[in-house]
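# Reading the structure
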Amino acid sequence: MSEHHWSKTRGERNRDAIDYYRERSKAPGVAEGGDARNFYCMECDGVIPWDDFEGHACPHCGAAIDGNTRRYFNWVEIDRTPASDRTALFLALGIALAILGGVVGIAVLVLN
Ligand SMILES: [Zn+2]
């Protein structure tokens, strides 16, 4: 690394960030590299491959992986609809269908 690299020219101002990235570099699977869409274990910071990963636990430490939330290098992404939202959607759909059924039932009774 050159003497002009930001981590050296800014000295102590970025100490926390530098320490954080040094620790991330030691996480399981980081040294081996990976694909563009890797995500990371919430517990051990280990690399988890995105495309062909089908398990429910970290391959490095065995921590459970929440299917709705993925931790990437600089952000966390919630990529699926939480179950509570699905329940609310189905409940609203059920109520709409019940009202529609009631209206159709009344129409049938009135028209006959
Ligand atoms: Zn892990």
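Residues numbered from 1 in each chain as written. Predicted model: local features only at pLDDT ≥ 70, side-chain atom pairs only at ≥ 80, totals over all residues.

Turning next to the overall build of the protein chain. A count of helical and extended segments in the protein chain gives three helices and four strands. Element order for the protein chain, N to C, with α for helix and β for strand: α-α-β-β-β-β-α. When its C-alpha atoms are laid out on the principal axes, the protein chain stretches across 90 × 30 × 20 Å. Considering the protein chain as a whole, with its 112 residues, one finds that 6% of them fall into the buried category. Pairs at least 24 apart in sequence give 12% of the contacts found in the protein chain among residues at least 6 apart. (Helix = DSSP H or I, 4+ residues; strand = E, 2+ residues; numbered from the N terminus. Buried ≥ 20, exposed ≤ 12 C-beta atoms within 10 Å, placed from the backbone. Contact = placed C-beta atoms within 7 Å.)

Before going further, it helps to spend a moment on the domain arrangement of the protein chain. Size of an interface, as often reported, equals the accessible area lost when the parts are brought together. Per the domain assignment, the segments of the protein chain are domain 1 (6-78) and domain 2 (82-112). Taking the mean C-alpha position of each, domain 1 and domain 2 sit 46 Å from one another. (Domains from an automatic or database assignment.)

Next up on the list: unusual backbone geometry. One non-glycine residue, D45, adopts positive backbone phi at about 70 degrees. You can see D45 is positioned in the loop between β1 (39-40) and β2 (47-48). Using a count of 19 C-beta atoms within 10 Å as the deciding quantity, one classes D45 as partly exposed.

Next up on the list: the nonpolar core. The biggest cluster of nonpolar side chains holds six residues, and these are F39, Y40, C41, V47, I48 and C58. Looking at this core, the elements with two or more residues in it are β1 and β2. When sequence neighbours within four positions are dropped, the list of residues in contact with C41 reads G46, I48, C58, H60, C61 and A63. (Core = buried A, V, L, I, M, F, W, Y, C linked by C-beta atoms within 7 Å.)

What follows deals with helix α3 (residues 83-111). With 29 residues, α3 should reach 42 Å at 1.5 Å per residue; the first-to-last C-alpha distance of 42 Å fits that figure. Little of α3 is tucked away: zero of the 29 residues are buried. (Expected span 1.5 Å × (residues − 1).)

Of the residues in the protein chain, 91% have a pLDDT of 70 or more, and the chain-wide mean is 83. Of all helices and strands in the protein chain, the one with the weakest mean pLDDT is helix α1 (residues 6-9) (74), whereas α3 scores best (89). (pLDDT = per-residue confidence, 0-100.)

In this section: the environment of I65. Along the polypeptide, I65 turns up in the loop between β2 and β3 (69-71). Judged by the 19 C-beta atoms lying within 10 Å of it, I65 falls in the partly exposed class. If near-sequence neighbours (up to four positions away) are discounted, I65 is found in contact with H56, A57 and C58.

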